[in-house]
Amino acid sequence: MNTDVPNTNGQVPVTIDGDLDLDAAVIVALGSNDKGVWPSCRDGLQAALARFRAEGLDIVARSGWWHSRAWPDPTDPPFLNGVVIVRTALDPHALMATLGRIEEAFGRHRGPRNGPRTLDLDLIAHGRIRGDLNGLILPHPRAADRLFVMGPLAEIAPDWQHPDGIGQASDLAATAPVGRDARPVPGEDLATN
């Protein structure tokens with residue numbers, strides 16, 4: 001595994017694109033609670049973000065990092081999570097294959113469901129696409145219930161409307177029943193991320 005990380009002083013420099021069309025937003029959630037070969041989970045997540053461009057994923061918005069207890073087993077190591085909005089020419093299935101390839105490159109091994117992982121990349125939404133696409137369900141069927149997804153998303157796109165019409169990211173973050181302990185990491189400055 002290549003563990004070279006570009007020198008970004010621990011951050012990925014990204015600004016929110018003022019022309020971002022939230023109806024076309026491709027949203028990816030990131031998480032880690034096993035640092036693997038990295039000095040920290042944060043370093044591993046930063047390195048994963050640095051790899052996105054080489055995989056055809058241009059980050060146009062990025063949340064700060066959020067921490068929370070592991071779910072559903074709070075005795076597992078705590079998680080660090082975030083959300084990005086990307087531009088890509090990849091269709092949903094090609095994007096899922098790309099995300100899986102990045103996870104593998106970062107040491108992700110499929111073990112017990114919801115167990116510790118070095119990198120977890122979830123496709124939350126691909127524009128307004130809805131339904132079962134041959135086993136790929138969009139939008140992500142459980143994302144709206146998870147504060148550790150909706151909280152970071154609300155930071156960067158509070159007005160994003162869930163494709164199923166169940167509310168905006170800011171409202172869903174306020175009512176998400178899972179991961180209610182999720183909080184932004186203190187000291188995150190989105191202007192320099």
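Our structure's up above, just so we're on the same page.
Worth saying up front: this structure is predicted, and the values here are computed from it rather than measured.

The rules we used
- Each chain has its residues counted from 1, running along the sequence as written.
- pLDDT decides what is reported in this predicted model: residues at 70 or higher carry local features, side-chain atom pairs at 80 or more are listed and counted, and totals for whole chains, interfaces and linings draw on all residues regardless.
- Heavy atoms throughout the structure, all of them, feed into the side-chain values; hydrogens and water do not.
- Under the DSSP-based scheme used, a helix requires at least four consecutive residues in state H or I and a strand at least two consecutive residues in state E, with every element numbered from the N terminus.
- Residues are treated as being in contact if the distance between any of their heavy atoms lies within 4.5 Å.
- Areas reported as accessible are Shrake-Rupley estimates using a 1.4 Å probe. Residue values count occlusion only from the protein chains shown.
- Whether a residue is buried, partly exposed or exposed follows from its accessible area with a 1.4 Å probe, protein chains only, as a fraction of its type maximum: under 20%, in between, or over 50%, in that order.
- Following DSSP output, two strands are said to pair if at least two bridges run between them.
- Every case where a carboxyl oxygen of Asp or Glu lies within 4 Å of a side-chain nitrogen of Lys or Arg is listed as a salt bridge.
- Side-chain atoms within 4.5 Å link the members of a nonpolar core, which is a set of buried Ala, Val, Leu, Ile, Met, Phe, Trp, Tyr and Cys residues.
- To estimate how far a helix should reach, multiply one less than its number of residues by 1.5 Å.
- We call Phe, Tyr and Trp rings a pair once their centres come within 6.5 Å, taking the six-membered ring for Trp, and we label the pair stacked below 30 degrees between planes, edge-to-face above 60, and tilted otherwise.
- Under this definition, polar contacts are N or O atom pairs within 3.5 Å; protein pairs additionally need one hydrogen-donor-capable and one acceptor-capable atom, and for neighbouring residues in sequence, both atoms have to be side-chain atoms.

### A short note on the overall build of the protein
And step 1. Counting secondary structure elements, the protein contains four helices and eight strands.
And step 2. For the protein, contacts bridging at least 24 residues in sequence account for 71% of all contacts bridging at least 6.
And step 3. Summed over all atoms, the accessible surface of the protein reaches about 9,300 Å², with 51% contributed by carbon and sulfur.

### Considering the pairing of strand S5 (residues 120–126)
And step 1. With six of seven residues buried, S5 lies mostly within the body of the structure.
And step 2. Across six bridges, strand S1 (residues 26–32) lies against S5 in antiparallel orientation. Each residue of the ladder has a partner; that of Val28, found in S5, is Leu123.

### Some points on unusual backbone geometry
And step 1. Omega for the bond connecting Trp71 with Pro72 falls within 30 degrees of zero, at 10°, which places this linkage in the cis form.
And step 2. Take Pro72: it is sitting in the loop between strand S3 (66–68) and strand S4 (79–87).
And step 3. Here Leu138 and Pro139 are connected by a cis peptide whose omega angle stands at -10°.
And step 4. Positionally, Pro139 belongs in the loop between strand S7 (136–138) and helix H3 (147–156).
And step 5. Phi is positive for Asn134, which is not a glycine, with a value near 55°.
And step 6. Relative to the helices and strands, Asn134 resides in the loop between strand S6 (131–133) and S7.

### Side note on the pattern of salt bridges
And step 1. One pass over the full model with this rule turns up eight salt bridges.
And step 2. The partner of Arg128 in a salt bridge is Asp23, with the nearest N and O atoms 3.5 Å apart. Taken together, the residues Arg128 in the loop between S5 and S6 and Asp23 in the segment before S1 connect sequence positions 105 residues apart.
And step 3. With its nearest N and O atoms 3.6 Å apart, the salt bridge here joins Asp58 to Arg53.
And step 4. The network of salt bridges with shared partners includes Glu103, Arg108, Arg117 and Asp120.

### Description of the nonpolar core
And step 1. Among the nonpolar cores identified, the biggest contains 28 residues, and Ile27, Ile85, Val149, Met150, Leu153 and Trp160 are the most heavily contacted of them.
And step 2. Sorting the residues of this core by element identifies S1, strand S2 (58–62), S4, S5, H3 and helix H4 (169–175) as the ones contributing at least two each.
And step 3. Looking at this core, the element that brings in the most residues is H3, giving seven residues.
And step 4. Not counting residues within four places of it along the chain, the set of residues in contact with Leu153 comprises Ile27, Val83, Pro158, Trp160 and Ala169.

### A short note on helix H2 (residues 92–105)
And step 1. Compared with the 20 Å implied by 1.5 Å per residue over 14 residues, the 20 Å span of H2 between its first and last C-alpha is a close match.
And step 2. Within H2 the residues assigned to the buried category are Pro92, Leu95, Thr98, Leu99, Gly100, Ile102 and Glu103.
And step 3. Looking at the packing, one finds that the buried side of H2 touches S1, helix H1 (41–52), S5, S6 and S7.
And step 4. Two residues or fewer past H2, Gly107 is found with a positive phi of approximately 85°.

### Looking at the packing of aromatic side chains
And step 1. On inspection of all chains with the given rule, the structure shows one aromatic pair.
And step 2. Each ring, one from Trp38 and one from Phe106, has its centre 5.5 Å from the other, and the planes form 20°; the classification is stacked. Of this pair, Trp38 sits in the loop between S1 and H1 while Phe106 sits in the loop between H2 and S5; the two residues are 68 residues apart in sequence, bridging distant segments of the chain. The burial state of Trp38 is the same as that of Phe106; both residues are buried.

### As for H3
And step 1. Counting buried positions over the ten residues of H3 gives nine, a clear majority of the element.
And step 2. Among the residues of H3, Leu147, Phe148, Val149, Met150, Gly151, Pro152, Leu153, Ala154 and Ile156 are the ones counted as buried.

### Examining the side chain of Thr98
And step 1. Along the chain, the position of Thr98 falls in helix H2.
And step 2. Note on Thr98: relative accessible area 3%, which makes it buried.
And step 3. A polar side-chain atom of Thr98 sits 3.1 Å from a polar atom in the side chain of Arg101.
And step 4. Look past the residues within four positions of Thr98 in its chain and what remains in contact with it is Glu55, Leu57 and Leu90.

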